[in-house]
Amino acid sequence: GIGILVARATAERKLPGVEVIEQFGEGTALMDAWSKSDDVYLVDAVSSAAPPGAVYRIDARNKPLPNDLHPFSSHAFGVAHAVELARRLKTLPPRLILFGVGGKSFDSGKGLSPEVERSKLVVTRMIIEEILLIAGQGSK
């Protein structure tokens, strides 16, 4: 649920020219959603050796996703697959930033752990700051 919650927190800012789309990690829907966008931010839970709540920022346009970072998806064709397929098809948007947040539990219906809840605020702030920086508005 981290991606959806960050999307909602970002949407609350009502940033001009920014469209926030909630997706649930199904790869083809993601590829369709970003097909007409120049700047894309994806947020997903990841399984890694780092502690829960660890935040990863990956410029997926410029390098493949690390092998030791496993985006968690309940879909057979999820975020990582969509990014790498789009790379092979040369259909990645000009800017694609993936924020991965290390999960504590991937059980359905559990809600966010305190560590991941704190990371939700961090990732939301990072995305908003990047958007404002790109738009030439600096931090606000």
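Residues numbered from 1 in each chain as written. Predicted model: local features only at pLDDT ≥ 70, side-chain atom pairs only at ≥ 80, totals over all residues. Heavy atoms only, no water.

J.: So, the pairing of strand S1 (residues 39-47): which residues are in play, and what are the values?
T.: With respect to burial, S1 is a largely interior element, seven of its nine residues being buried. As defined by bridge partners, S1 adjoins strand S4 (residues 95-102) across eight bridges and the pair is classed as parallel. In the strand pairing of S4, Tyr41 is matched with Ile97. (Buried < 20%, exposed > 50% of the residue type's maximum accessible area, 1.4 Å probe, protein only. Helix = DSSP H or I, 4+ residues; strand = E, 2+ residues; numbered from the N terminus. Pairing = 2+ DSSP bridges.)

J.: Would you mind going over the environment of Thr10 in detail, with residue names and values included?
T.: For Thr10, the position within the fold is in helix H1 (residues 2-11). Assessed through its relative accessible area of 7%, Thr10 is described here as buried. Discounting chain neighbours no more than four positions away, the residues touching Thr10 are Val20, Thr124, Ile127 and Ile128. At a separation of 2.8 Å, a polar atom in the side chain of Thr10 contacts the main-chain carbonyl oxygen of Val6. (Contact = heavy atoms within 4.5 Å. Polar contact = N/O pair within 3.5 Å; in protein donor to acceptor, adjacent residues only side chain to side chain.)

J.: I'd love a proper account of the packing of H1 against helix H4 (residues 114-134), names of residues and values included.
T.: Each pair of packed helices gets described by two things: the angle between the helix axes and the distance between those axes. Relative to each other, H1 and H4 sit at 45°, their axes nearing to 9 Å. With respect to their mutual orientation, H1 and H4 come out oblique. Both H1 and H4 take part in a crossing whose hand is right-handed. Within the contact between the two elements, H1 uses Ile2, Leu5, Val6, Ala9 and Thr10 and H4 uses Val116, Lys120, Val123, Thr124, Ile127 and Ile128. (Axes fitted to C-alpha atoms, helices over the stretch in contact; angles between N-to-C directions. Parallel < 35°, antiparallel > 145°, perpendicular 65-115°, else oblique. Left-handed = near helix turned anticlockwise from the far one by under 90°.)

J.: Please set out the pairing of S4 residue by residue, giving values where relevant.
T.: Burial runs high along S4: seven of the eight residues are buried. The pairing of strand S2 (residues 55-59) with S4 spans five bridges and is classified as antiparallel. Residue Val55 lies in a different strand from S4, and its bridge partner there is Val101.

J.: Which residues make up the pattern of salt bridges, and what values go with them?
T.: Tallied over the entire structure, the rule returns six salt bridges. Between Glu22 and Arg8 there is a salt bridge whose closest N-O contact spans 2.9 Å. Taken together, the positions of Glu22 in the loop between H1 and helix H2 (27-34) and Arg8 in helix H1 put the pair 14 residues apart, joining distant regions of the chain. The class for Glu22 is partly exposed, based on a relative accessible area of 35%. Judged by relative accessible area, which is 42%, Arg8 ranks as partly exposed. One network of salt bridges, with partners in common, ties together Asp39, Arg57, Arg95 and Glu130. (Salt bridge = Lys/Arg side-chain N within 4 Å of Asp/Glu carboxyl O.)

J.: Go over unusual backbone geometry with me, naming the residues and quoting the values.
T.: A positive phi angle is found at Lys14, which is not glycine, with a value near 50°. Along the chain, the position of Lys14 falls in the loop between H1 and H2. We classify Lys14 as exposed; its relative accessible area is 70%. Notably, Lys90 is not glycine yet its phi reads approximately 60°, a positive angle. Relative to the helices and strands, Lys90 is located in the loop between helix H3 (79-89) and S4.

J.: Describe the environment of Pro16, and please don't skip the residues or the numbers.
T.: Relative to the helices and strands, Pro16 is located in the loop between H1 and H2. Here the alpha-carbon distance between Pro16 and Ala135, two residues 119 residues apart in the chain, equals 9.5 Å.

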